[in-house]
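Breakdown of the fold
What follows is the residue order along each chain.
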Amino acid sequence: MEKQTRTLDEVTIRFAGDSGDGMQLTGGQFTNTSAAMGNDLSTLPDYPAEIRAPKDTTYGVSGFQIHFGATEINTPGDHCDVLVAMNAASLKVNLRSLIDGGIIIVNTDGFGDKNLKLAGYTQSPLADGSLSKYQVFQVDITKLTNLALADMNLSPKIVDKTKNFFALGMMYWIFNRTLDNTLQWISEKFEKKPEMIEANTRVMKAGWNYAETTDVFAVRYEVKPAPLTPGKYRNISGNQAAALGLVAAAEKANLDLFLGTYPITPASDILHELSNYKNFGVRTFQAEDEIAGITSAIGASFGGALAATTTSGPGVALKTEAMGLAVMVELPLVIVNVQRGGPSTGLPTKTEQADLLQAVYGRNGEAPIPVIAASTPSDCFNACFEASRIALKYMTPVMVLTDGYLGNGSEPWLVPSVKDLPEIAPKFRKEPEGYLPYKRDERTLSREWAIPGTPGLEHRIGGLEKQDGSGNINYEPENHDKMVKLRAAKVDRIADDIPAAAVEGDASGDLLVVGWGGTYGTLKTAVERKRKEGKKVSHLHLKHLHPLPKNVGDILKKFKHVLVPEINLGQLSKILRERYLVPTVGLNKVQGLPFRSVEIEQKIEEILGGKQ
Amino acid sequence: MSTLINDVITHDTVAAVKYTTKDFSSDQDVRWCPGCGDYSILAQVQRVMPELNIPKEKIVFVSGIGCSSRFPYYMSTYGFHGIHGRATAIATGLKIARPDLSVWVATGDGDGLSIGGNHMIHTLRRNVDLNILLFNNQIYGLTKGQYSPTSEFGKVTKSTPYGSVDMPFNPASLALGSAGTFVARSMDRDPKHMQTIIKRAAEHKGTSFVEVYQNCNVFNDGAFFQFTEKETKSDSVVFLEHGKPLVFGKENDKGIKLDGFSPVVVSLKDGSHSANDLLVHNEKDSTLAFILANMTYNLELPRPFGIFLAIDRPRYEDEISKQVDSAVSKRGRGSLEKLLNSGDTWVIQ
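All values derive from a computational prediction rather than experimental measurement.

This brings us to the overall build of chain B. Check the secondary structure of chain B and you find 12 helices and 12 strands. Of all intrachain contacts in chain B linking residues separated by at least 6 positions in sequence, the fraction that spans at least 24 positions is 67%.

Right, let's talk about helix 6 (residues 163–174) of chain A for a bit. Residue and element names in this part refer to chain A. When the terminal C-alpha atoms of helix 6 are compared, their 17 Å separation across 12 residues agrees well with the 16 Å that a helix rising 1.5 Å per residue should span. With 12 of 12 residues buried, helix 6 is to be regarded as a mostly interior element. Of the residues making up helix 6, those classed as buried are Lys163, Asn164, Phe165, Phe166, Ala167, Leu168, Gly169, Met170, Met171, Tyr172, Trp173 and Ile174.

This part is about the domain arrangement of chain A. All names here are of chain A. Segmentation of chain A into domains returns domain 1 (4–223), domain 2 (234–420) and domain 3 (503–608). Spacing between the C-alpha centres of domain 1 and domain 3 amounts to 36 Å. Taken together, the contacts link 4 residues of domain 1 with 7 residues of domain 3. Classifying every residue of the side of domain 1 that touches domain 3 by side-chain character gives no nonpolar, 3 polar and 1 charged.

The next thing to look at is the sheet that holds strand 10 (residues 262–267) of chain B. Spatially, 3 strands are ordered 8-9-10 (chain B) in an open sheet, and the strand pairing comes out antiparallel. The open sheet has two free edges, formed respectively by strand 8 (247–248) and strand 10 of chain B, since each of these has just one partner strand.

Moving on: helix 17 (residues 520–532) of chain A. Residue and element names in this part refer to chain A. For helix 17, which comprises 13 residues, the first-to-last C-alpha distance of 18 Å matches the rise-based estimate of 18 Å (1.5 Å per residue) to within 8%. Buried residues belonging to helix 17 abut strand 3 (40–46), strand 18 (503–504), strand 19 (509–516), strand 20 (537–542), strand 22 (559–566) and helix 20 (597–608). Glycine 534 sits one or two residues past helix 17 and shows a positive phi near 90 degrees.

This brings us to the interface of chain B and chain A. Opposite the 59 residues of chain B that make contact, chain A presents 64 residues. Put simply, the parts of the chain that give the side of chain B that touches chain A at least two residues each are helix 1 (3–8), strand 2 (78–81), helix 3 (87–97), helix 5 (117–126), helix 11 (316–331), helix 12 (336–340) and strand 12 (345–348) of chain B. It is helix 3 of chain B that contributes the most residues to the side of chain B that touches chain A, 8 residues altogether. Its residues assigned to classes, the side of chain B that touches chain A shows 28 nonpolar, 21 polar and 10 charged. As defined by bridge partners, strand 9 (residues 231–237) of chain A adjoins strand 12 of chain B across 4 bridges and the pair is classed as antiparallel. Across the sheet, the residue bridging to tyrosine 233 of chain A is tryptophan 346 of chain B, located in strand 12 of chain B.

Take the sheet that holds strand 14 (residues 371–373) of chain A next. Residues and elements named next belong to chain A. Reading across the sheet, the 7 strands line up as 11-10-12-13-15-14-21 and stay open at both edges, with mixed pairing between neighbours. Taken across any chain shown, the strands that pair with only one partner, and hence form the sheet edges, are strand 11 (283–286) and strand 21 (544–546). The sheet shows a mean angle of 20 degrees between the axes of neighbouring strands, taken without regard to direction. Taken together, the 4 bridges between strand 10 (residues 257–261) and strand 11 define a ladder with parallel strand orientation. Opposite phenylalanine 258, over in strand 11, you have arginine 283 as the bridge partner. Each of strand 10, strand 12 (306–311), strand 13 (333–339) and strand 15 (397–403) touches helix 9 (residues 238–253); the most contacted strand, strand 12, lies at about 170 degrees to it.

Next up on the list: unusual backbone geometry. Note: most peptide bonds trans; most residues except glycine with negative phi. All names here are of chain A. The amide bond that connects threonine 265 to the next residue, proline 266, takes the cis arrangement and shows omega of 0 degrees. When you line up the elements, proline 266 lands in the loop between strand 10 and helix 10 (268–274). Note that the residue after histidine 546, namely proline 547, is joined by a cis bond; omega there is -10 degrees. With respect to the element layout, proline 547 can be found in the loop between strand 21 and helix 18 (552–557).

Time to look at the environment of alanine 206 of chain A. Residues and elements named next belong to chain A. Note that alanine 206 resides in helix 8 (residues 194–213). The sequence separation of alanine 206 and lysine 192 amounts to 14 residues, and the corresponding C-alpha distance is 23 Å. Alanine 206 has contacts with Leu144, Ala148, Phe166 and Gly169, leaving out every residue within four places of it along the chain.

This next bit is on the nonpolar core. Grouped together as the largest cluster of nonpolar side chains are 247 residues, with contacts concentrated most on Leu246, Ile298, Val334, Cys384 and Val400 of chain A together with Val62 and Phe308 of chain B. For cysteine 384 of chain A, the contacting residues outside a window of four places in its chain are Ala242, Gly245, Leu246, Ala249, Val334, Val336 and Val400 of chain A. Ranked by size, the runner-up nonpolar core spans 6 residues in total, among them Ile139, Tyr140, Cys216 and Phe219 of chain B.

What follows is about the pairing of strand 20 of chain A. All names here are of chain A. Counting buried residues in strand 20 gives 6 out of 6 residues, a clear majority hidden from the surface. Side chains of strand 20 alternate between two faces, with Val537, His539 and His541 and Ser538, Leu540 and Leu542 buried alike. Across 2 bridges, strand 18 lies against strand 20 in antiparallel orientation. Residue pairing in the sheet places valine 503 in a bridge with leucine 540 of strand 20.

Time to look at the confidence of the model for chain B. Looking at chain B, the pLDDT average stands at 97 and 100% of residues meet or exceed 70. As scored by the predictor, the complex reaches a pTM of 0.95 and an ipTM of 0.98.

What counts as what
- Residues numbered from 1 in each chain as written.
- Chains lettered and ligands numbered in written order.
- Predicted model: local features only at pLDDT ≥ 70, side-chain atom pairs only at ≥ 80, totals over all residues.
- Helix = DSSP H or I, 4+ residues; strand = E, 2+ residues; numbered from the N terminus.
- Contact = placed C-beta atoms within 7 Å.
- Expected span 1.5 Å × (residues − 1).
- Buried ≥ 20, exposed ≤ 12 C-beta atoms within 10 Å, placed from the backbone.
- Domains from an automatic or database assignment.
- Nonpolar A, V, L, I, M, F, W, Y, C, P; charged D, E, K, R; others polar.
- Pairing = 2+ DSSP bridges.
- Axes fitted to C-alpha atoms, helices over the stretch in contact; angles between N-to-C directions.
- Core = buried A, V, L, I, M, F, W, Y, C linked by C-beta atoms within 7 Å.
- pLDDT = per-residue confidence, 0-100.

Have a look at this one:
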């Protein structure tokens, strides 16, 4: 049969199966291959909170979505065009994200009576006509995998573990991908298990051949490389990028990195990553709890390390008192909050942006802390690097906000050159003459860093109010008032040292969409689409959330309406209204999921159509 | 350590000058209540410091919150007055980042065993090389008189007008149960003994846990008089000395022997027992340490003071440093350029 090839600008594929089906691996391989072929892309894993939920249940479904294209890709995709479902439960959970007319490829072996029952189907969706608006391809992947390995005498368990490579092989054929990258990965990964190399290779090729030779698939698709900025790229997740940002800052600053932390979803990967970088002098301390995570970091900072602590919302709540201590003792510290759904334990594996007010205001007393938010997975590198720069220059704790969507999501990253990274040049005080622990730099208002081991600089600091200059304990009313204002002024002055906020689109118009954090790609996509339709819409995405860039107020005034979409109940809106007295319109959805661009577009329409 | 640190710190391990006690007093007025047992602990620490011959700038005192935790302000060394209960965690971070420092923790029964109990047990099991001085006055002083985790059952305080129904901790048993490698007890009214113990604690490599019975003359006056005052001390206290039999009493006329695993008091003057029958202390024996620590709240037995246990085990910060050093020697000092360019990379022309 003659097979057609159609060219597409962009495609979104979702691989879904039971948590044991290896869908993250399959998606990861498809991602790396597509990246190597020059596509722009964005990915989002979606896995259950349970480690190994009962097999074939809906709560045990693991998914991985990749959006790749020949054009700029900013989000993992609102909907998927193709759904690979390894069992009935994964079809049930993911069908709602598939577009009408979309492709479903199912492993029919995952739709037996038992699978259907566990997924909550009373009859098979493959037989009852309920999938009639989709293009359904039924393949008995399990049987074909068994056939491919029939002469190898492998245990049924091992055979079962390779079936995801059959699905991957089919997808590689359908989307015209090379097998080379994955073949190389297989040979490296299973270097010491030649039979696994053989089995996985055979199964993947069997999948490819099946798609090519049988009549099941009549069409294959071509997605050409995207016009990306030339240079060297790597695929990077937000948590990896955050870890690299901290290491890079420590190297630039000529300091040793110390991480004091406690495992928490979805931030633990930063600890895993950093614990590998011991040859950079990185010391990681998995503490007994969140509080010891941050207080050990404060101790390390007192000793002259670039100290960081990483966590998610509930952990930030526990670290709150210690953040106040860091404000009081004025020592550099980076606190990374990979936000997740809250309150309390909330939705550990889902994303949310509801910790902004906690970051900016959530401490006892007047305890200002600079706050920086990452907007894409690779931007987590910049955010952590910038937070370290500010922490060291201004002798202050700094909070970095990322989220589960950014931390686990990944995208191609144009690898920066070390020499192009901004300078970070901390100094330790050495001269004993005239040293006062709380004497400040006139410009930055930061105090000097004097570390134990330095002769003649012995001094005592702590959480009690300090006397201006000497740092001795002091409870006098005027002194306290002065110190409260000095600490606030120090953080406010950082506004002089950060880039002006930049509008994407025209500098004035009918509507400005203002966002922060992980919604960047979605907002950008929506605004660009509306601009193409001739709408006077622009996009402002804030990275520095405290202090805000100095020009934000002026930017807001140049638009008739300000829309602030957030995955919370309007936290940035509150800050903007309070600061600039502008009437903002919120778009607030808190489902543990990213926005879809179309939701933003609808809201833009609604406001510009005058319905607001 | 980073070159930035190496450029400012002293690399001497032994003090270049001979310090005196006075060299360790800061310029701050001591603000404890007159008559507080804390004065004695401060005095003994300041007396021992010169004998350690450690450069003063290499010494750091870390504390949490409470009366005891004002301690760092009165020492002329580096000091960090932390937040409630977290002194051991702050000190752990400091020691991991800076193994070259001599790090001390001043804490109390509330700070170290109640709000900071978790950090305390984990510090002990890790065996971070810290010297922990736990001032035990069996009361909350700074908050003006509530019962503490070491207050006796039935204690009437402001927060327990009908008597406390909490079972108290025995700090020494807790420290041993947490796999502590150096566990000792002393008292504020025996300066010589305290100096000996503090010095041994400083010399010990690993976490040194020193409980000091400290009289709070405002909220819990006399809590330890039975053990500290002349009239009762010799009959109520047995001093543990390595390699020596457990003898006590006004005329050294009583001893402790083991009956199975239980210590019992025997008389040395009625002819029934001699010194040869007595339990001989061995501070390297962790099983014995548990038995001795367990004598603490037994009213039939004298209260043991001295070093329960002093054994050697790898230090947490040393093990981390070893991993760092070995990674550097195996893989070479990391190159940031290489690191950023690692993983699966591809080039877009």
